[in-house]
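These are the residues of each chain, in order.
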Amino acid sequence: MSNSTLAKKYIPSPETNHWGKRKERIAKIIVHHAAGVISAENLAKLFADPQRGASATYCIGYDGAIVRCLDEGITPGTSGGYEADRDAITIEVSNSASGGQWPVSNASLQSLIKLCADIVKRNGLQNLVKGKNLCWHSMYQATACPGQYLLSKMDYIAAEANKINTPPPVKEESTDVVHTVSAGETLSGIASKYGTDYTVLAEHNKIADPNLIFRGQKIKIPATGTGSTSYTVKSGDSLWTIAEKLLGNGSRYTEIKSLNGLTSDLIHPAQVLKIPR
Ligand SMILES: [Zn+2]
């Protein structure tokens, strides 16, 4: 069983302060506060006192430093009895001020989030859920621990730790429309069809000579972000035939109508219409 490398120091707690080798699989994290402003090292030293009768797996100081007091393979004695701690890793977090909401510093909070994510990852825990596998002292004992501030942050801690372990998917490349050149087409003709300029298409497709395109060539039309292209009405066009030609379905003429704010179906040559993508 491994321990977190986020802890830069190990100050062991004696066996009077824990339950010995684990008999159960690690299934949760229990968060505590120190009820005082203290460094991780001094917190760990308190748990190194054999008279203490308590320990924690990890201690986080007011500055965010992390010290380990126990191997993760040891059942800690932190949360008021074997029942509470049997399947837990426990973390003591220093406060940034005494009393009131018992706040903790942002450095401590960020260390707690990183440590939780690391524990979850190495021990194969499920994504953290407040009250399920991200727990706190007062769930097991009548105590004010971990204080109102940390308690109010439980959903945030779970969400941030889960984010570390499941980073958002890599954003896909913007999906360009691809136009296949047919016989007789010119780059400027294609450009006007999609409401852009031939120089834009030449650059986007790395075409050295815009006069040299060939049948079957794939021309990428950059996404404009406007959500529409434009079309210049030719003699003989109707909204239906335009929809059929550009949208693949004549009955979608209503979309063209509403996009252009048309009140009737009448269109005329040279009229420029916005065409939905
Ligand atoms: Zn506690």
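All values reported here derive from a predicted model rather than from experimental measurement.

Engineer: Quick one: what's the story with the overall build of the chain, residue by residue and with numbers?
Structural biologist: Along the chain, the regular secondary structure elements total nine helices and 12 strands. Computed over its C-alpha atoms, the radius of gyration of the chain comes to 32 Å, more than 25% above the 19 Å expected for a compact globule of 277 residues. Principal axes of the C-alpha set define a box for the chain whose edges measure 95 × 45 × 35 Å. Taken over 277 residues, the chain has a buried fraction of 32%.

Engineer: Account for the nonpolar core, naming residues and giving values.
Structural biologist: Counting residues in each nonpolar core, the largest one holds 44 residues, and the members touching the most others are Ile 29, Cys 59, Ile 91, Leu 112 and Cys 116. Those elements giving two or more residues to this core turn out to be strand 3 (28-33), helix 1 (40-47), strand 4 (58-60), strand 5 (66-68), strand 7 (88-93), helix 3 (106-123), strand 8 (134-136) and helix 5 (154-165). Considering every element that reaches this core, the biggest residue donor is helix 3, with eight residues. By size, the runner-up hydrophobic cluster in this structure holds eight residues, among which are Ile 242, Ala 243, Tyr 253 and Leu 273.

Engineer: Give me the lowdown on helix 3, citing residues and values where you can.
Structural biologist: Given 3.6 residues per helical turn, the α-helix brings residues three or four places apart onto the same face. For helix 3, built from 18 residues, the straight-helix expectation of 26 Å at 1.5 Å per residue is met to within 8% by its first-to-last C-alpha distance of 26 Å. For helix 3, the complete set of buried residues consists of Ser 108, Leu 109, Ser 111, Leu 112, Ile 113, Leu 115, Cys 116, Ala 117, Asp 118, Ile 119 and Val 120. Residues of helix 3 that are buried make contact with strand 3, strand 4, strand 5, strand 7, strand 8 and helix 5. Phi for Gly 124, located one or two positions after helix 3, is positive at around 65 degrees.

Engineer: Lay out the domain arrangement of the chain in plain terms, naming residues and giving numbers.
Structural biologist: Domain assignment breaks the chain into domain 1 (9-165), domain 2 (172-225) and domain 3 (226-277). For domain 1 and domain 2, the distance between their C-alpha centres works out to 59 Å.

Engineer: An account of the environment of Lys 257 is requested, with residue identities and associated values reported.
Structural biologist: Here Lys 257 shows up in helix 9 (residues 253-259). For the pair Lys 257 and Gly 61, spaced 196 residues apart in sequence, the C-alpha separation works out to 65 Å. Residues within four places of Lys 257 in sequence aside, it is in contact with Leu 239 and Leu 262.

Engineer: Go over the sheet that holds strand 5, please, and point to the residues and values.
Structural biologist: With mixed pairing, the six strands of this open sheet are ordered in space as 1-5-4-7-3-8. The sheet is open, and its two edges are formed by strand 1 (9-10) and strand 8, each paired on a single side. Examined bridge by bridge, strand 4 and strand 5 share three bridges and lie antiparallel to one another. Bridging from a neighbouring strand, Tyr 58 pairs with Arg 68 of strand 5. Helix 3 rests against strand 3, strand 4, strand 5, strand 7 and strand 8 of the sheet, and its axis sits at about 170 degrees to strand 7.

Engineer: Could you give me a rundown of the pairing of strand 12 (residues 272-276), with the residues and numbers involved?
Structural biologist: Here strand 12 shows a buried face lined by Leu 273 and Ile 275 and an unburied face lined by Val 272, Lys 274 and Pro 276. Of the strand pairs in this sheet, strand 11 (residues 228-232) and strand 12 are connected by five bridges, and their pairing is antiparallel. Its bridge partner lying in strand 12, Thr 229 is registered against Ile 275.

Conventions we followed
- Residues numbered from 1 in each chain as written.
- Predicted model: local features only at pLDDT ≥ 70, side-chain atom pairs only at ≥ 80, totals over all residues.
- Helix = DSSP H or I, 4+ residues; strand = E, 2+ residues; numbered from the N terminus.
- Rg over C-alpha atoms; globule rule 2.2 N^0.38 Å.
- Buried ≥ 20, exposed ≤ 12 C-beta atoms within 10 Å, placed from the backbone.
- Core = buried A, V, L, I, M, F, W, Y, C linked by C-beta atoms within 7 Å.
- Expected span 1.5 Å × (residues − 1).
- Contact = placed C-beta atoms within 7 Å.
- Domains from an automatic or database assignment.
- Pairing = 2+ DSSP bridges.
- Axes fitted to C-alpha atoms, helices over the stretch in contact; angles between N-to-C directions.

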